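Spelled out, the chains give:
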Amino acid sequence: MDYIIDVKDLRKEFTSHSSRSGLKGAFRDLFTRNYTIKTAVDDISLQIRKGEMVGYIGENGAGKSTTIKMLTGILTPTSGEVRVNGMNPHKDREKFVRSIGVVFGQRSQLWWDIAVQESFRLLKKVYNVPDEFYNTHMADVIKTLAIEPLLDKPVRKLSLGQRMRCELAAALIHNPPLLFLDEPTIGLDVLVKLKIREFLKEINAKYGTTILLTTHDLSDIEALCERVIMLDEGKIIYDGALQQLRENWGEGKQIQFLFTEDVFMNELQELTKEHLVVWEQGTNASTWTASVENDEEIISAVIGKVVAAKRIADLKIVEITTEEIIRNIYEEGAVRNG
Amino acid sequence: MGKYLEMIRIRFLMMLAYRTNYYSGILIYSINIGAYYFLWSAIYGDKPSIQHLSIVQMTTYIAVAWMARAFYFNNIDREIALEIKEGKVAIEMIRPYNYLSMKMMQGLGEGIFRILFFSVPGMVIVYFIFPIQFTSHPATWLYFLVSIILSFVINTQINLLTGIATFFLFNNDGLIRAKRVVIDLFSGLILPISFFPGWAQSIMGYLPFQGISYIPSMIFTEGFQGSGVIHGLLNQALWCVVLFIPIQVLWATAKRQLIVQGG
């Protein structure tokens, strides 16, 4: 068994009915309904090796959560093959779920009214974790996440950041080889985020835990994942190293000019016609951004020519951020060289 | 098995987490028993017995019926409905246990808590205030014990059915409330089954509800004798088995629906 997650042509369709408008429409809906089929996940294939940390990103409604639900066995796929930890998640459910840990950022899996340690104790029994292992392993987890003082508090009295750390600990009680995190850092402050990231890196290094992470916060991905899978309208549009994504897409630099007077696009284009420059207007007619190749000569030449002809108040050279790269990809809908 | 026992313990802790609920529970049970005692003593007046039950037997019947109710009664139908509406069932599916068994264990934890902390202290209070006769036959106590366990199973199965129905009905608050009234009335909690008109009694003979309250209470008050006791217990056991079937069918369908539609 090479891959810990092996998915082939996975597809999920939902049928939903659309209501007709008006009173007459509502009556007609009583007898016949319009059904529409929506494809949430469209024939995706992916393989993940043991020990990888993979970021799974996409816009809202791109099919991330649906994929996670199919991989954890909550949803059955419409078609396609899924093998996770060498098992089919739907057959043999009880055995399968012992081999995974799941954290849903938006849903708690701890018991609301009782102390955190009681939830842990119950989960320990549920997963049949031997005492010895529990004591050493959990002591470690509790220490790293700094949740010791929270253990005797009921979950309802915890703040979001405190609860999230406890959720993570709860998902790791049975030390699963595979961890799914669905937006684990949603709504958390920077310090808690950092702590959680550090912790994830640590368990990945220590136990070789494979982690599949969905998030909207790209700094999570930058900090943790070497590989990203990008999803758009149910299709994988990029699967590869984060570094490569930056190289292919973030190759250029942007030069931001603030002129002392209004300038026009054709003037600027005329000035820099020898080079490949894309001019974009900023908030008003005196701010302009030039996107150029990452080449010292070109940058110098463009700046030199513009500054020689126009008076400027400010000048800034910036690298394109991952966030912009991803926005560009979504706008174009496909990946170059990719 | 350990996980199921642990769940009972957790439920105990949850019940203890809310003290006000606990104290008001004792009060409500005592008031209910008292109210029914005064109502029945007014109805009895000078009559020595109605429908072969003496006033002392009747009072004992009421006290025992309420004590048994503390054990079999639980809100798991409401909880299941809530968990379905909030989409928490999806999380239950990623746990290595059977959801329905776990719910049943939670109900049992609640029942054991109530009988130990509501009913027993409540009964001690009631025993000193009202004329109640506790049987001295150990066999009756034993039969009663078996009987209330079966009544717990029947009631919980009905609750599971009502709860799972949320998968199919968008909002089943009405069903849950109706079920509660039906059980209180047809189980013999408010009125012993033998007080209903003959035609109603014969209909109720085909329904599972009398197994919830009437049979255990009659066994305890020794309103059932000899073969009557065995007959009652068999009736309860039969319903436990029969109700198991629709639950499995409904749950399998519900699970498919959950799996197809998503959390």
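Since we're looking at a predicted model, the values are computed, not measured. (Residues numbered from 1 in each chain as written. Chains lettered and ligands numbered in written order. Predicted model: local features only at pLDDT ≥ 70, side-chain atom pairs only at ≥ 80, totals over all residues. Heavy atoms only, no water.)

A.B. asks: When you look at the overall build of chain A in this model, what are you seeing that I'm missing?
C.D. replies: The number of helices and strands found in chain A is 12 helices and 13 strands. Projected onto its principal axes, the C-alpha coordinates of chain A cover approximately 75 × 60 × 45 Å. Counting the 338 residues in chain A, one finds 50% classified as buried. At a minimum sequence separation of 6, the contacts of chain A that also span at least 24 residues come to 73%. For chain A, the accessible area works out to roughly 16,900 Å², and carbon and sulfur atoms hold 48% of it. Within chain A, the 50 negative side-chain charges are centred at a point lying 9 Å from the centre of the 43 positive side-chain charges. (Helix = DSSP H or I, 4+ residues; strand = E, 2+ residues; numbered from the N terminus. Buried < 20%, exposed > 50% of the residue type's maximum accessible area, 1.4 Å probe, protein only. Contact = heavy atoms within 4.5 Å. Areas by Shrake-Rupley, 256 points an atom, 1.4 Å probe, with all protein chains shown as cover. Lys, Arg positive; Asp, Glu negative; His and termini not counted. Charge placed at Lys NZ, Arg CZ, Asp CG, Glu CD.)

A.B. asks: When you look at the sheet that holds strand 10 (residues 252-259) of chain A in this model, what are you seeing that I'm missing?
C.D. replies: The pairing of strands in a sheet comes from backbone hydrogen bonds and takes either a parallel or an antiparallel form. Residue and element names in this part refer to chain A. The strand order across the open sheet formed by four strands is 11-12-10-13, and the pairing between neighbours is antiparallel. At either end of the open sheet lies a strand with only one pairing partner, and these are strand 11 (278-281) and strand 13 (312-319). When strand polarity is set aside, the average angle formed by the axes of neighbouring strands in this sheet is 20°. The strands that helix 11 (residues 296-309) touches are strand 10, strand 11, strand 12 (287-293) and strand 13; relative to strand 10, the one it contacts most, it runs at about 15°. (Pairing = 2+ DSSP bridges. Axes fitted to C-alpha atoms, helices over the stretch in contact; angles between N-to-C directions.)

A.B. asks: How should the pairing of strand 1 (residues 3-18) of chain A be read in this particular structure?
C.D. replies: When a strand is regular, its side chains alternate between the sheet's two faces. All names here are of chain A. Pairing geometry for strand 1 and strand 2 (residues 34-49), over 12 bridges, is antiparallel. When the bridges of strand 2 are listed, Glu-13 appears paired with Thr-39. Sheet analysis places strand 1 next to strand 4 (residues 79-84), joined by five bridges and oriented antiparallel. Along strand 4, the bridge assignment pairs Lys-8 with Glu-81.

A.B. asks: Explain the nonpolar core to me, please; I cannot follow it from the model alone.
C.D. replies: One broad rule of soluble globular proteins: the nonpolar side chains tend to lie buried together. With 139 residues, the main nonpolar core has Phe120(A), Leu200(A), Met230(A) and Leu245(A) as its most contacted residues. Among the elements that make up this core, the one with the highest residue count is helix 3 (residues 55-72) of chain B (12 residues). Among residues more than four places away in sequence, those in contact with Met230(A) are Ile57(A), Lys235(A), Ile236(A), Ile237(A), Tyr238(A), Leu245(A), Ile326(A), Ile329(A) and Tyr330(A). Val7(A), Ile44(A), Val97(A) and Ile100(A) belong to the second-largest nonpolar core, a separate cluster that totals 32 residues. (Core = buried A, V, L, I, M, F, W, Y, C linked by side-chain atoms within 4.5 Å.)

A.B. asks: What am I meant to see in the pattern of salt bridges here?
C.D. replies: Any two side chains of opposite charge can pair, on the condition that their charged atoms come close. Residues and elements named next belong to chain A. Throughout the structure, instances matching the rule amount to 30 salt bridges over all chains. Put simply, Asp-113 and Arg-156 hold a salt bridge, and the shortest N to O gap is 3.9 Å. Here the residue Asp-113 occupies a position in the loop between strand 5 (100-104) and helix 4 (116-126), and Arg-156 occupies one in the loop between helix 5 (131-145) and helix 6 (160-171), the gap between them amounting to 43 residues. The class of Arg-156 is partly exposed, set by a relative accessible area of 31%. With a closest N to O distance of 2.3 Å, Asp-140 and Lys-206 form a salt bridge. Remark: Lys-206 occurs in helix 7 (residues 190-207) and Asp-140 occurs in helix 5; sequence separation between them is 66 residues. (Salt bridge = Lys/Arg side-chain N within 4 Å of Asp/Glu carboxyl O.)

A.B. asks: Which parts of the structure should I look at to understand a nonpolar patch on the surface?
C.D. replies: Residues and elements named next belong to chain B. Among the surface-exposed residues, Leu-116, Phe-117, Val-120, Val-124, Ile-125, Tyr-127, Phe-128, Ile-129, Phe-134 and Trp-141 lie close enough to one another that they form a single nonpolar patch of about 960 Å² accessible area. It is helix 6 (residues 99-129) that contributes the most residues to the nonpolar patch, eight residues altogether. Locating Phe-134 in the fold gives a position in the loop between helix 6 and helix 7 (138-164). (Patch = residues over 30% accessible without salt bridge, like charges linked within 9 Å, V, L, I, M, F, W, Y side chains within 5 Å.)

A.B. asks: Whenever I open this one, the packing of aromatic side chains confuses me. Can you help?
C.D. replies: Any two aromatic rings considered together are summarised by their centre-to-centre distance and by the angle between their planes. All names here are of chain B. Inspection of the entire model under this criterion finds 22 aromatic pairs over all chains. Ring plane angle 25° and centroid distance 5.5 Å describe the contact between Tyr-99 and Trp-251, whose orientation is recorded as stacked. Residue Tyr-99 is found in helix 6, and its partner Trp-251 is found in helix 11 (residues 227-261); the two are separated by 152 residues along the sequence. Judged by relative accessible area, Tyr-99 falls into the buried class, the value being 4%. Given the relative accessible area of 7%, Trp-251 is considered buried. For the ring pair Tyr-214 and Phe-224, a centre distance of 5.8 Å and an interplane angle of 90° mean the geometry is edge-to-face. Highlighted residues: Tyr-214 in helix 10 (residues 214-220) and Phe-224 in the loop between helix 10 and helix 11, separated in sequence by 10 residues. (Phe/Tyr/Trp six-rings, centres within 6.5 Å; stacked < 30°, edge-to-face > 60°.)

A.B. asks: Would you mind going over a negative patch on the surface with me for this structure?
C.D. replies: Among the surface-exposed residues, Glu293(A), Asp295(A), Glu296(A) and Glu297(A) lie close enough to one another that they form a single negatively charged patch. In this fold, Glu296(A) is placed in helix 11.

A.B. asks: What should I look at first to understand the environment of Val103(A) in this one?
C.D. replies: All names here are of chain A. If you trace the backbone, Val-103 turns up in strand 5. According to the relative accessible area criterion, Val-103 is buried, its value standing at 1%. As a C-alpha pair, Val-103 and Ala-171 span 68 residues in sequence and 6.4 Å in three-dimensional space. Discounting residues that sit within four places of it in the chain, Val-103 has contacts with Gln-109, Met-164, Glu-167, Leu-168, Ala-171, Phe-180, Leu-181 and Asp-182.

A.B. asks: Is there a simple way to explain the side chain of Lys124(A) in this structure?
C.D. replies: Residue position: Lys124(A) is located in helix 4. If sequence neighbours within four positions are ignored, Lys124(A) has contacts with Val129(A), Asp131(A), Tyr134(A) and Ile173(A).

A.B. asks: Explain the interface of chain A and chain B to me, please; I cannot follow it from the model alone.
C.D. replies: Reports often express the size of an interface as the amount of accessible area lost when the parts come together. The partner chain B presents 28 residues to the 27 residues of chain A that form the contact. The largest contributions to the chain A side of the interface with chain B come from Ile74(A), Arg93(A) and Arg107(A), which together make up 21% of the buried area. For Glu6(B), the salt bridge goes to Lys125(A), with nearest N and O atoms at 3.4 Å. Counting the contacts that link chain A with chain B gives seven residue pairs in polar contact (both at pLDDT 80 or more). Where the side of chain A that touches chain B is concerned, the elements lending two or more residues are strand 1, helix 3 (93-97), strand 5 and helix 4 of chain A. In terms of residue count, the dominant contributor to the side of chain A that touches chain B is helix 4 of chain A (six residues). A class-by-class count of the residues in the side of chain A that touches chain B yields 12 nonpolar, four polar and 11 charged. (Buried area = accessible area lost by both parts, 1.4 Å probe. Polar contact = N/O pair within 3.5 Å; in protein donor to acceptor, adjacent residues only side chain to side chain. Nonpolar A, V, L, I, M, F, W, Y, C, P; charged D, E, K, R; others polar.)

A.B. asks: When you look at the packing of helix 6 of chain A against helix 7 of chain A in this model, what are you seeing that I'm missing?
C.D. replies: Two quantities define a packed helix pair, namely the angle between the helix axes and the distance between the axes. Residue and element names in this part refer to chain A. The interhelical angle for the contact between helix 6 and helix 7, taken along N-to-C directions, is 10°, at an axis separation of 10 Å. On the basis of their axis angle, the class for helix 6 and helix 7 is roughly parallel. Contacts between helix 6 and helix 7 involve Gly-161, Met-164, Arg-165 and Leu-168 on the former and, on the latter, Val-192, Lys-195, Ile-196, Phe-199 and Leu-200. (Parallel < 35°, antiparallel > 145°, perpendicular 65-115°, else oblique.)

A.B. asks: Can you help me understand the sheet that holds strand 2 of chain A in this one?
C.D. replies: All names here are of chain A. Ordered in space as 2-1-4, the three strands form an open sheet in which the pairing is antiparallel. Every interior strand has two partners, whereas the edge strands, strand 2 and strand 4, have only one. Taking the axes of each pair of neighbouring strands and ignoring which way they run, one obtains an average angle of 25° across the sheet.

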